[in-house]
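# Per-entry structural report
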Amino acid sequence: MEDQTVMASGWSQAKLVVRQGAQTGTSFPLPPHATEIGRDETADISLQDPEMSRRHVRISWQEGRYILEDLNSTNGTFLNDTRVTAAQRLSPGDKIRMGQYVLEFQTHAEPVPGQPAAGPADPAPAPTTAGEEPQKGGSRCLLWGCGCLVLLAMLVVIAAVVVVLAMPEQMQELFNQYQIPIILID
């Protein structure tokens, strides 16, 4: 066998784990039937992200493997940082990027107790939270925070210049009182 994607029964237990995005750490078990992912509430896996299409991607079990298909999404789907333009086979550890989300495809060859080998016929079970990894999606927040600090610093400097220019005599007295060697020129 090439990898653990295929079980002896013909269907692999697999899941998607959110590695980046609003639901980091959440895992979504994948059934053997087609699973659609998007921002639409009726999608099998609904991820609220304005950068995702309502029906963004489909993952299905075909010929003993999981297959990823982009559903003509507006912003595209990326498998291991390569844009998906045709159906792609998934392998354990693959990273699927859609909008602000990064999902990791995982499989395990052992059957889940109480789970039939053919898998469920109904939609994917509700997500379970697994605190497997800390959140990694803070780069965008860090960028916004730094931008806000720079803007605040610029406003403070502008306010100080306005005060100095509006009241030059009072400011000169204040500088002299604290022995600050600055001379304001009229």
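Residues numbered from 1 in each chain as written. Predicted model: local features only at pLDDT ≥ 70, side-chain atom pairs only at ≥ 80, totals over all residues. Heavy atoms only, no water.

## What to know about unusual backbone geometry
Apart from glycine, the bulk of residues carry a negative phi angle, and the bulk of peptide bonds sit in the trans form. Unlike most non-glycine residues, Glu63 shows phi in positive territory, near 50 degrees. The backbone phi angle of Asn80 is positive, close to 50 degrees, even though this residue is not glycine. As for its position among the elements, Asn80 is in the loop between strand S7 (78-79) and strand S8 (82-83). The exposure class of Asn80 is partly exposed, given its relative accessible area of 38%. (Helix = DSSP H or I, 4+ residues; strand = E, 2+ residues; numbered from the N terminus. Buried < 20%, exposed > 50% of the residue type's maximum accessible area, 1.4 Å probe, protein only.)

## What to know about the pattern of salt bridges
For the structure shown, the criterion picks out six salt bridges. In this structure, Glu36 engages Arg58 in a salt bridge whose closest nitrogen and oxygen atoms are separated by 3.2 Å. One end of the pair, Glu36, is in strand S3 (residues 35-38); the other, Arg58, is in strand S5 (residues 57-62), and 22 residues separate them in sequence. The class for Glu36 is buried, based on a relative accessible area of 18%. Under the relative-accessibility criterion, Arg58 is labelled partly exposed at 25%. (Salt bridge = Lys/Arg side-chain N within 4 Å of Asp/Glu carboxyl O.)

## Concerning the sheet that holds strand S6 (residues 65-70)
One key point about sheets: their strands pair by backbone hydrogen bonds, in either a parallel or an antiparallel sense. Strand order in the open sheet formed by five strands is S4-S3-S5-S6-S9, with mixed pairing between adjacent strands. The sheet is open, and its two borders are formed by strand S4 (45-46) and strand S9 (88-89), each paired with just one other strand. Pairing of S5 with S6, which is carried by six bridges, proceeds in the antiparallel orientation. Among the inter-strand pairings, Trp61 is bridged to a residue of S6, identified as Tyr66. (Pairing = 2+ DSSP bridges.)

## Some words on a nonpolar patch on the surface
Among the surface-exposed residues, Val150, Leu151, Met154, Leu155, Ile158 and Val162 lie close enough to one another that they form a single nonpolar patch of about 580 Å² accessible area. Residue position: Leu155 is located in helix H1 (residues 139-166). (Patch = residues over 30% accessible without salt bridge, like charges linked within 9 Å, V, L, I, M, F, W, Y side chains within 5 Å. Areas by Shrake-Rupley, 256 points an atom, 1.4 Å probe, with all protein chains shown as cover.)

## A word on the nonpolar core
Ranked by internal contacts, the top residues of the largest apolar core, which has 22 residues, are Leu16, Ile37, Leu47, Ile59, Ile96 and Leu103. Elements supplying a minimum of two residues to this core: strand S1 (13-20), strand S2 (26-30), S5, S6, strand S10 (95-98) and strand S11 (101-108). Leave out the neighbours within four places in its chain, and Ile96 touches Leu16, Ile59, Leu68, Thr77, Phe78, Leu79, Leu90, Tyr101, Val102 and Leu103. (Core = buried A, V, L, I, M, F, W, Y, C linked by side-chain atoms within 4.5 Å. Contact = heavy atoms within 4.5 Å.)

## A word on the side chain of Thr35
One can find Thr35 in strand S3. Classification of Thr35 by relative accessible area gives buried; the value is 1%. Beyond its immediate chain neighbours, meaning those up to four positions away, Thr35 contacts Leu30, Asp44, Ile45, Val57, Arg58 and Ile59.

## Some points on the pairing of S1
Among the eight residues in S1, six count as buried, and that is most of the element. Two strands pair when backbone bridges link them, and S1 and S11 are joined in this way by seven bridges, in the antiparallel orientation. Within the sheet, the bridge partner assigned to Val17 lies in S11 and is Glu104. Pairing geometry for S1 and S2, over four bridges, is antiparallel. Paired with Lys15 across the bridge in S2 is Pro29.

## So, the confidence of the model for the chain
The predicted model of the chain has a mean per-residue pLDDT of 79, with 75% of residues at 70 or higher. Here strand S12 (residues 128-129) stands out as the element of the chain with the lowest mean pLDDT, 50, in contrast to S7, whose mean of 95 is the highest. The low-confidence segment residues 110-126 (pLDDT under 50) makes 26 contacts with residues lying over four places distant or belonging to another chain. (pLDDT = per-residue confidence, 0-100.)

## Regarding the environment of Gln106
The residue Gln106 is located in strand S11 in this model. When its relative accessible area of 16% is taken as the criterion, Gln106 is described as buried. Here the alpha-carbon distance between Gln106 and Leu30, two residues 76 residues apart in the chain, equals 9.7 Å.

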